[in-house]
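Structure assessment
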Amino acid sequence: LQENIARAEDYLARFRKQGVLNRIGGEDTAAADGSTYETISPVDLKPIATVARGNAQDIDRAAKAAKAAFADWAAMPGQARRKLLHNVADAIVHRAEEIAFVECMDTGQSLKFMAKAALRGAENFRFFADRAPEARDGKSLRADGQVNLTTRVPIGPVGVITPWNTPFMLSTWKIAPALAAGCTIVHKPAEFSPLSARLLVEIAEEAGLPKGVWNLVNGFGEDAGKALTEHPLIKAIGFVGESRTGSMIMRQGAETLKRVHFELGGKNPVVVFADADLERAADAAVFMIYSLNGERCTSSSRLLVEKGIYDDFTSLVAEKASRIKVGHPLDPETVVGPLIHPVHEKKVLEYIAIGRSEGAKIAAGGAKFDGPGGGCYVSPTLFTGANNKMRIAQEEIFGPVLTAIPFKDEEEALALANDVQYGLTGYLWTSDVTRAFRFSDHLEAGMIWVNSENIRHLPTPFGGVKNSGIGRDGGDWSFDFYMETKNVAFAT
Ligand code: NAD
């Protein structure tokens with residue numbers, strides 16, 4: 001651990017010294033009005049760096065830089081764009097350790113998971129790079145006296161707004177397809193976790209990305225974020241964050257008729273029937289709520305268990321939860337690190353208090369954890385004896401807190417699973433294949449895994465229904481968002 005901390009300090013030294021500047025048109029720039037803010041580490045609550053706090057003026061400069069770079073970038077042959085984006089992926093792999101260590105200290109996510117996050121980011125670039133040459137291909141449709149050619153063209157400069165939970169991976173997930181499609185971008189990362197976004201734009205430019213194709217403006221949602229969603233040169237907003245922020249962005253973008261793509265919150269059920277492989281189901285349920293500190297949109301935060309096995313199964317989960325290692329994010333054994341920020345820690349602890357006052361029982365955790373550095377640690381928590389009306393069963397807590405609810409039969413399980421405002425993911429455990437088909441057909445979620453935790457396959461669609469999102473990423477779906485479909489009819 002001490003060795004890792006020393007290495008992290010080496011990587012953080014430049015941020016401590018120079019701070020985090022915006023990157024506009026390939027140039028490092030302070031905020032136009034000179035504003036800054038401090039970003040702190042959730043490990044010890046001490047400042048890591050002074051960050052440029054961009055506002056509408058900085059967004060305007062960045063949008064103009066993205067607009068100026070658009071024509072050449074959009075005109076670049078797909079094969080050339082493919083090669084360049086593979087170079088970006090290579091450069092990410094080359095700096096994977098730096099990215100992982102910086103991300104751990106900036107977000108509190110553990111090295112166990114962040115070590116792979118950089119590689120997953122590189123994979124995102126490779127996946128969309130390989131599809132760049134064909135992104136514009138369409139089809140031809142014949143009619144009497146007419147041949148129609150349908151193609152796609154990049155929509156223009158786009159805004160990408162990302163949250164703090166796994167900022168590096170999520171930024172690559174949104175930005176790689178935009179670039180592969182031929183769009184230029186302005187990225188506004190989350191204010192709590194600005195460091196890896198800064199590494200990412202540098203890496204891309206060092207790998208050969210032309211100036212102005214990718215612009216970075218740090219700042220707060222209510223000024224920089226809002227200005228980005230309102231800017232007339234920005235044609236679309238790819239947003240990942242809370243559902244209520246999505247509503248605000250929709251309102252803010254209405255005046256300029258912004259195209260929006262939303263990946264929002266979740267209150268995802270894991271449904272366990274008595275006929276399931278219970279040991280595997282328990283491991284998966286534990287993994288899906290406590291990995292990534294529970295700060296994960298796809299986390300299974302409601303555990304719905306068939307009555308006959310409820311007591312045994314929740315005891316098994318409680319036992320596994322209490323054995324989870326909570327600690328310094330750079331300790332290779334740590335699973336749960338400190339939560340992102342004291343403000344968020346307070347929210348999670350408040351929900352634990354709410355759960356108690358609603359009458360649910362704490363079967364594991366249930367308190368702040370006294371971890372190294374005195375940061376925002378919360379013990380992996382399991383509530384039992386809960387019902388679906390409780391706030392801990394309805395509202396997104398976004399921390400290591402699981403709410404277990406019993407059900408009597410399939411019908412009740414489905415009713416409980418669907419009785420929330422969200423619909424991002426669902427996890428179903430049963431050995432009855434017919435039931436799995438029937439149940440998943442009626443489960444209101446954009447993505448469902450049967451007898452599995454969340455394992456992503458990049459060509460499949462990613463996104464939610466109800467208040468969990470609008471639109472899909474992955475495969476060709478990302479290109480549909482970042483491109484316009486155009487039809488040309490030729491008389492014959
Ligand atoms: P958030 O909505 O508070 O912030 C996300 C981003 O939006 C930040 O960059 C913020 O500065 C910006 N923002 C805030 N107000 C804005 C405004 N008025 N206009 C423009 N931008 C604004 O979310 P968060 O707390 O950073 O992240 C946690 C949330 O993200 C959770 O709800 C989680 O479920 C969700 N999330 C969803 C997915 C998914 O794929 N569905 C993935 C990860 C996180």
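Definitions and limits used
Residues numbered from 1 in each chain as written. Predicted model: local features only at pLDDT ≥ 70, side-chain atom pairs only at ≥ 80, totals over all residues. Helix = DSSP H or I, 4+ residues; strand = E, 2+ residues; numbered from the N terminus. Rg over C-alpha atoms; globule rule 2.2 N^0.38 Å. Buried ≥ 20, exposed ≤ 12 C-beta atoms within 10 Å, placed from the backbone. Contact = placed C-beta atoms within 7 Å. UniProt positions renumbered as here; feature names shortened; annotations may be inferred. Pairing = 2+ DSSP bridges. Expected span 1.5 Å × (residues − 1). Axes fitted to C-alpha atoms, helices over the stretch in contact; angles between N-to-C directions. Parallel < 35°, antiparallel > 145°, perpendicular 65-115°, else oblique. Left-handed = near helix turned anticlockwise from the far one by under 90°. Near = placed C-beta within 6 Å. Core = buried A, V, L, I, M, F, W, Y, C linked by C-beta atoms within 7 Å.

**Some points on the overall build of the chain**
Helix and strand counts for the chain come out as 16 helices and 22 strands. A compact globule built from 492 residues should have a C-alpha radius of gyration of about 23 Å, and the chain, at 23 Å, falls within 12% of that. Across its three principal directions, the C-alpha atoms of the chain cover 65 × 65 × 40 Å. In the chain, which comprises 492 residues, the share counted as buried stands at 54%. Restricting the contact set of the chain to residue pairs at least 6 apart, pairs at least 24 apart contribute 72%.

**A word on the UniProt feature "active site" (unreviewed entry) in the chain**
In the numbering used here, UniProt assigns the feature "active site" (unreviewed entry) to Glu 263. For Glu 263, the position within the fold is in strand β11 (residues 259-263). Each residue touching Glu 263, except ones within four places of it in the same chain, is listed here: Val 240, Cys 297, Gly 463 and Gly 469.

**Here we look at the pairing of strand β16 (residues 401-407)**
Within β16, seven of the seven residues are buried, which leaves it mostly tucked inside the rest of the structure. Alternating positions in β16 separate into two faces, Val 401, Thr 403, Ile 405 and Phe 407 on one and Leu 402, Ala 404 and Pro 406 on the other, with burial throughout. Across five bridges, the pairing between strand β13 (residues 302-306) and β16 is parallel. Along β16, the bridge assignment pairs Val 305 with Pro 406.

**Details of helix α7 (residues 195-206)**
Note on helix geometry: an α-helix contains 3.6 residues per turn, so any two residues three or four positions apart are oriented the same way. A rise of 1.5 Å per residue sets the reference length of α7, with its twelve residues, at 16 Å; its end C-alpha atoms lie 17 Å apart and thus fit the reference within 8%. Taken across its twelve residues, α7 has nine buried, putting it largely inside the fold. Within the sequence span of α7, burial applies to Leu 195, Ser 196, Ala 197, Arg 198, Leu 199, Leu 200, Val 201, Ile 203 and Ala 204. One or two residues past the end of α7 sits Gly 208, with phi positive at roughly 115 degrees.

**Notes on the packing of helix α4 (residues 96-107) against helix α5 (residues 111-131)**
At a closest axis distance of 8 Å, the pairing of α4 and α5 adopts a crossing angle of 135 degrees. By the criterion of interaxial angle, the relationship of α4 to α5 is oblique. The way α4 lies across α5 gives a crossing that is right-handed. Here α4 contributes Ala 96, Ile 99, Ala 100, Glu 103 and Cys 104 to the contact with α5, which in turn contributes Leu 111, Met 114, Ala 115, Ala 117, Ala 118 and Leu 119.

**A closer look at the UniProt feature "domain: Aldehyde dehydrogenase" (unreviewed entry) in the chain**
In the numbering used here, UniProt assigns the "domain: Aldehyde dehydrogenase" (unreviewed entry) feature to residues 33-488. As annotated, residues 33-488 comprises 43% helix and 20% strand, and the C-alpha atoms at either end are separated by 47 Å.

**Details of the site of the ligand**
As a matter of local geometry, the ligand sits amid 33 residues, with Pro 163, Gly 221, Gly 225, Gly 241 and Cys 297 nearest to it. By residue number, the principal contributor to the shell around the ligand is helix α8 (residues 221-230), which donates five residues.

**Focus on unusual backbone geometry**
A negative phi angle is the norm for most residues apart from glycine, just as the trans form is the norm for most peptide bonds. Non-glycine residue Asn 451 carries a positive phi angle of around 55 degrees. Tracing the sequence through the fold places Asn 451 in the loop between β19 (447-450) and β20 (465-466). Although it is not a glycine, Lys 466 adopts a positive phi angle of roughly 50 degrees. The residue Lys 466 is located in strand β20 in this model.

**Concerning the sheet that holds strand β22 (residues 483-491)**
Read from one edge of the open sheet, three strands run β5-β6-β22, paired in antiparallel fashion. Each of the sheet's edge strands pairs with one partner strand only, and the pair in question is β5 (139-143) and β22. The mean inter-strand angle of the sheet, taken between neighbouring strand axes irrespective of direction, is 25 degrees. Both strand β6 (residues 146-154) and β22 contribute to a ladder of nine bridges, which runs antiparallel. If you follow Leu 149 over to β22, its bridge partner there is Val 488.

**Let's talk about the nonpolar core**
Grouped together as the largest cluster of nonpolar side chains are 88 residues, with contacts concentrated most on Leu 85, Val 88 and Tyr 482. Contacts of Tyr 482, omitting those with residues within four sequence positions, involve Pro 154, Ile 155, Val 158, Pro 177, Ala 178, Ala 181, Cys 183 and Ala 236. Counting 65 residues, the second-largest nonpolar core is a separate cluster that includes Val 270, Ala 321, Tyr 351 and Trp 449.

**Describing the sheet that holds β19**
Overall, mixed pairing links the seven strands, which are arranged β14-β15-β16-β13-β12-β18-β19 in an open sheet. On the outer flanks of this sheet lie β14 (361-364) and β19, each paired with one strand and no other. Direction aside, the axes of adjacent strands within the sheet are offset by 25 degrees on average. Here strand β12 (residues 269-272) pairs with β13 via four bridges, running parallel. Counted as the bridge partner of Val 270 is Leu 303 from β13.

**As for the pairing of β11**
Note: strand β10 (residues 236-240) against β11, five bridges, orientation parallel. Counted as the bridge partner of Gly 238 is His 261 from β11. Examined bridge by bridge, β11 and strand β21 (residues 469-470) share two bridges and lie antiparallel to one another. Of the residues in β21, the one forming a bridge with Glu 263 is Gly 469.

**Regarding the environment of Ala 236**
Here Ala 236 shows up in strand β10. C-beta crowding within 10 Å serves as the criterion here: with 22 such atoms nearby, Ala 236 is assigned to the buried category. Counting along the chain gives 41 residues from Ala 236 to Asp 277, while the straight-line C-alpha distance between them is 44 Å. Excluding residues within four positions of it along the chain, Ala 236 makes contact with Ile 155, Val 158, Lys 258, Arg 259, Phe 481 and Tyr 482.

**Digging into the packing of α8 against helix α9 (residues 243-254)**
Running from N to C, α8 and α9 cross one another at 50 degrees; their axes reach a closest spacing of 8 Å. Taken as axis vectors, α8 and α9 run oblique relative to one another. In this structure, α8 crosses over α9, and the sense of that crossing is right-handed. In this structure, α8 contributes Gly 221, Lys 226, Thr 229 and Glu 230 to the contact, and α9 contributes Thr 245, Ile 249, Gln 252 and Gly 253.

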